[in-house]
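# Descriptive analysis of the structure
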Amino acid sequence: MNVGWLLTRLVIGTGLLSLIVYSQYFWYRGFWRISSNWGSTALRVAARLLCLALVTISVLAIADGMRMGSSHWIPRGNIFPSFVGMWFTCAFFGFLAVQLVRGLERVWRWGVARRKNRKTVDAPATARATAELVADPGRRHFFKAVTAAAGVAPFLGAMYGFAAERLNYQVRRVEIPIANLPDALDGMKITQLSDIHLSGYISREDVRRAVDMANDLSPDLSVVTGDFITGASDPLQDCIAEIRKLAAPLGIYGCNGNHEIYAKAEDAAEKFFTEAGMKLLRSEHAGLNFRGAQLHLIGVDYQRERGSGGRRIQTLAGVDRLVRRDMPNILLSHNPNSFNRAAELGIELSLAGHTHGGQVQVEILDHRLSPARFITDYIAGLYVRPIGVAAATGETPIAKSHLYVNRGLGTVGAPVRLGVPPEITLITLRKA
C-alpha cells in the first residue's frame, strides 16, 4: 500500500472540501450582513429565508454529490442541477478571487508601511498619522472596487460559459499520418464523440444535434470513447439510443469511461450497445475491411493507473495479445494516459477523451492554463510519440504513434465551458 499517496489524496480532498464549504459560508455570511442594513423588515425576512433555503440546498447538494446510488435527494431535471452546479462553481472561484485581492492588499499595505517607517523613523508620531490618513482613503476605495470586481468576474464568466460556449458544438478536422497505411485506407474518415455525460447538464436533444452534425460529415466509421453518463441515476439507455443514430458504413464502436465505473454501468452499457446493433469493445478487438484493406480496432474499459492501495499499475494489461503486426491498429481508450504504453505496444493510433480539454482554459503570457494539466500531459488535440521499442528505449524511431484527445461534448462539476467548446472530431487517415 502506498501510504504517502493515500495521505496526499486525503489532504488534498479534505482541503478542497473545506474550501468549498467555507466559500459557501463566506457568501451567505456576507449576504446576511448586507440584509441587516435594509430598512424594510418584510424584505429583510424574505431575503434571509431565501438565504436559509439556499444554505439547505447547498448542504444537501454536497451530501448528495458524495452518494453513488441511483437515487438522489436533488431532482435530476435540466434546470435545477445546472443552477446548483453554477452556484457552487461561481461561489468557489469568486471566493478565491476575493481572497487573492485581499492578500495583495495586505502585502501592499505591509510594503507601504515599511517604506514609511524607514523614511519617518525620526518624525513625530502626529506627522506619521497625518500621512497615513491622507493616503488611506484612495487605497481603501481602490481595493474595495478591485475586490468587488474580482468577486463578480467568476459569476459573469460562468454565465457566459453556460449560455454561449457550453452548447457551441464545433467540428474539428484533423489528418493523421499512419505508418505503413495501405493505399486503400488513405483518406478513410472517422468521427469521434466522447464524454457525452447525458445528465441534468445536457439533454437528449443536445446529443441528437451532435449526432446529426457527425452524420453530416459522412464518416466511414464512428466511435464513441466513453463517459456516456455522469452518475448512476442518469439515463444511460437514452444516451445509447441517441448514439445508435450515428451513421457509418463500417459501424459504430465504443469503449467505457471512468463514469461508467462510478455508476456501475459498464455491463449495462455493453448490453445496450449490443441491443442497438453496435459494439462496445472491452479488452476486445474487431477487424474492419475498407476498400479491400484491413484495419484493426481495439477497445478497453477505463484504464486505471493506480490500484486500490495507491500502487501504480500497468495500463493496457493484456492488450499486447490483441495487437496485430500485419495491419494498422486503432485503440479506443478513454484515458489518454494509456498512450505511452500503447506506443510501446506498437499501436499506431489511440483515440481518447476524459479531459474535456479542462472545460476552462485561459491564456496568460502566451501560456494556456487548463485544470486538466493536473491529471495528464495529454489535454486536447493531437500528440505524437515514437512507436514500439523506440518508445520505451529512446532509440531513433522508425515510425510514430499518434494520440488524439477529444474535448468532449458534456461537462462535469459545472455546466460551463470557457475557451474549450464541445467537440465533434473528423479524423482522416493519411499514408505517412
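So, here's what we can say about the structure. Only a predicted model underlies this, so the values are computations on that prediction, with no experimental measurement involved.

### Thoughts on the overall build of the protein
Counting its secondary structure elements, the protein contains ten helices and 14 strands. Among the 432 residues that make up the protein, the fraction classed as buried is 46%. Accessible surface computed for the protein: about 21,800 Å², of which carbon and sulfur atoms make up 60%.

### What to know about the packing of aromatic side chains
Enumeration according to the criterion identifies twelve aromatic pairs in this entry. Ring plane angle 45° and centroid distance 5.6 Å describe the contact between Tyr-22 and Tyr-25, whose orientation is recorded as tilted. You can see Tyr-22 and its partner Tyr-25 sitting in helix 1 (residues 3-35), three residues apart, about one turn around the helix. Taking the relative accessible area as the measure of exposure, Tyr-22 reaches 38% and is therefore partly exposed.

### Brief notes about the packing of helix 6 (residues 236-243) against helix 8 (residues 266-275)
One way to put it is that helix 6 packs onto helix 8 with a least axis distance of 10 Å and a crossing angle of 35°. Crossing hand, helix 6 versus helix 8: right-handed. Packed against helix 6, whose contacting residues are Leu-236, Gln-237, Ile-240 and Ile-243, the element helix 8 presents Ala-268, Ala-269, Phe-272 and Phe-273 at the interface. Split into classes, the residues belonging to the contact of helix 6 with helix 8 amount to seven nonpolar, one polar and no charged.

### A word on the packing of helix 5 (residues 204-215) against helix 6
Across the interface, helix 5 lies against helix 6 with an axial gap of 9 Å and an inter-helix angle of 25°. The angle between the axes of helix 5 and helix 6 places the two elements in the roughly parallel class. The crossing of helix 5 and helix 6 is right-handed. Residues Arg-204, Val-207, Arg-208 and Val-211 of helix 5 pack against Asp-238, Ala-241 and Glu-242 of helix 6. Split into classes, the residues belonging to the contact of helix 5 with helix 6 amount to three nonpolar, no polar and four charged.

### Overview of the nonpolar core
Judged by nonpolar contacts, the single largest core of 30 residues is most densely connected at Ile-196, Phe-228, Leu-236, Ile-243, Leu-246 and Ile-424. Of all elements in the fold, only helix 5, helix 6, helix 8 and strand 14 (423-431) reach the threshold of two or more residues within this core. Leu-297, Leu-349, Leu-351 and Leu-429 belong to the second-largest nonpolar core, a separate cluster that totals 26 residues.

### Notes on the side chain of Arg-417
Inspection of the secondary structure puts Arg-417 in the loop between strand 13 (400-405) and strand 14. Notably, Arg-417 is buried but unbridged: the nearest opposite-charge side chain belongs to Asp-195, and the N-O separation is 7.0 Å. Of the polar contacts made by the side chain of Arg-417, one reaches the backbone oxygen of Gly-408; its length is 3.2 Å. Residues within four places of Arg-417 in sequence aside, it is in contact with Gly-161, Glu-165, Arg-166, His-356, Gln-359, Arg-407, Gly-408, Leu-409, Gly-410, Thr-411 and Pro-422.

### Side note on a nonpolar patch on the surface
Together, Trp-32, Val-45, Leu-49 and Leu-52 give the surface a local cluster of nonpolar side chains, amounting to about 370 Å² of exposed area. The dominant element in the nonpolar patch, judged by the number of residues it contributes, is helix 2 (residues 41-65), at three residues. Locating Leu-52 in the fold gives a position in helix 2.

### Let's talk about the pairing of strand 14
Extensive coverage of strand 14 is indicated by the burial of seven of its nine residues. Alignment of strand 1 (residues 170-178) against strand 14, held across nine bridges, turns out to be parallel. Its bridge partner being in strand 14, Ile-176 is matched across the sheet by Leu-429.

### Focus: the sheet that holds strand 8 (residues 329-332)
The mixed open sheet is built from six strands, whose spatial order is 6-7-8-9-13-12. Unpaired on one side and paired on the other, strand 6 (284-290) and strand 12 (381-386) mark the two borders of the sheet. Between one strand axis and the next, the sheet turns through 20° on average, direction left out of account. Here seven bridges tie strand 6 to strand 7 (residues 293-299), and the two strands are oriented antiparallel to one another.

### Considering unusual backbone geometry
The backbone of Asn-180 shows a phi angle near 60°, a positive value even though the residue is not glycine. Here Asn-180 lies in the loop between strand 1 and strand 2 (189-193). We note that Leu-316 has phi near 55°; this positive angle belongs to a residue other than glycine. Tracing the backbone through its elements, the reader meets Leu-316 in the loop between strand 7 and strand 8.

### Considerations on helix 8
If you check which residues of helix 8 are buried, you get Glu-266, Ala-269, Phe-272 and Phe-273. Along the axis of helix 8, the buried positions cluster into a sector of 130°, meaning they face one direction only. Along helix 8, exposed side chains directed more than 90 degrees from the buried face belong to Asp-267 and Thr-274. Of the surrounding secondary structure, the elements contacted by the buried residues of helix 8 are helix 6, strand 4 (252-255), helix 7 (258-262) and strand 5 (279-280).

### Focus: the pattern of salt bridges
The final tally for this structure, using the stated rule, is 16 salt bridges. For Glu-175, the salt bridge identified is with Arg-430, shortest N-O distance 3.4 Å. With Glu-175 in strand 1 and Arg-430 in strand 14, this residue pair connects regions lying 255 residues apart in the sequence. Residue Glu-175 is classed as partly exposed on the basis of its relative accessible area, which comes to 49%.

### Observations regarding the sheet that holds strand 5
As summarised here, the arrangement of the six strands in space is 1-14-2-3-4-5, forming an open sheet in which the pairing is mixed. On the outer flanks of this sheet lie strand 1 and strand 5, each paired with one strand and no other. Where strand 2 meets strand 3 (residues 221-225), four bridges bridge the pair, whose relative direction is parallel. For Leu-193, the partnering residue across the bridge sits in strand 3 and is Val-224. Seen against the sheet, helix 5 touches strand 1, strand 2 and strand 14 and runs at an angle of roughly 25° to strand 14.

Calculation rules
- Think of each chain on its own: its residues are numbered from 1, step by step along the sequence as written.
- Whole-chain, interface and lining totals are the exception, using all residues; otherwise, since this is a predicted model, local features are given only for residues with pLDDT of at least 70 and side-chain atom pairs are given and counted only at 80 or more.
- Hydrogens and waters are ignored; side-chain quantities use all the structure's heavy atoms.
- Here a helix means four or more residues in a row that DSSP labels H or I, a strand means two or more in a row labelled E, and each is numbered from the N terminus.
- When a residue's accessible area, from a 1.4 Å probe over protein chains only, is under 20% of the maximum for its type it is buried; when over 50% it is exposed; and in between it is partly exposed.
- Calculation of accessible area relied on Shrake-Rupley with a 1.4 Å probe; when residues are assessed, cover is drawn exclusively from the protein chains displayed.
- Any two of the Phe, Tyr and Trp rings considered here, Trp counted by its six-membered ring, make a pair once their centres fall within 6.5 Å; the pair's planes then place it as stacked at under 30 degrees, edge-to-face at over 60, or tilted in between.
- Axis lines are fitted to C-alpha atoms, over the contacting stretch for helices. Their N-to-C directions set the angle, which ranges from 0 to 180 degrees.
- Crossings are sorted by hand: turned counterclockwise from the far helix by less than a right angle, the near helix makes the crossing left-handed, and turned clockwise it makes it right-handed.
- The contact rule is simple, with two residues in contact once any of their heavy atoms fall within 4.5 Å.
- Residues were grouped as follows: Ala, Val, Leu, Ile, Met, Phe, Trp, Tyr, Cys and Pro as nonpolar; Asp, Glu, Lys and Arg as charged; and all remaining residues, including Gly, as polar.
- Should an angle lie under 35 degrees it is considered roughly parallel, over 145 roughly antiparallel, and from 65 to 115 roughly perpendicular; all remaining angles are considered oblique.
- Here, nonpolar core means buried Ala, Val, Leu, Ile, Met, Phe, Trp, Tyr and Cys residues that are tied together by side-chain atoms lying within 4.5 Å of each other.
- Charge assignment in this entry is limited to Lys and Arg as positive and Asp and Glu as negative, and neither His nor the chain termini are counted.
- Salt-bridge detection follows one rule: a side-chain nitrogen of Lys or Arg within 4 Å of a carboxyl oxygen of Asp or Glu.
- Think of a polar contact as two N or O atoms within 3.5 Å of one another; within protein, one of them needs to be a possible hydrogen donor and the other a possible acceptor, and neighboring residues in sequence only count if both atoms come from side chains.
- Within the patch definition used here, like charges are joined within 9 Å and nonpolar side chains (Val, Leu, Ile, Met, Phe, Trp, Tyr) within 5 Å, considering only residues with over 30% relative accessible area and no salt bridge.
- Following DSSP output, two strands are said to pair if at least two bridges run between them.
- The directions from the helix axis to the C-beta atoms are what the arc is built from.

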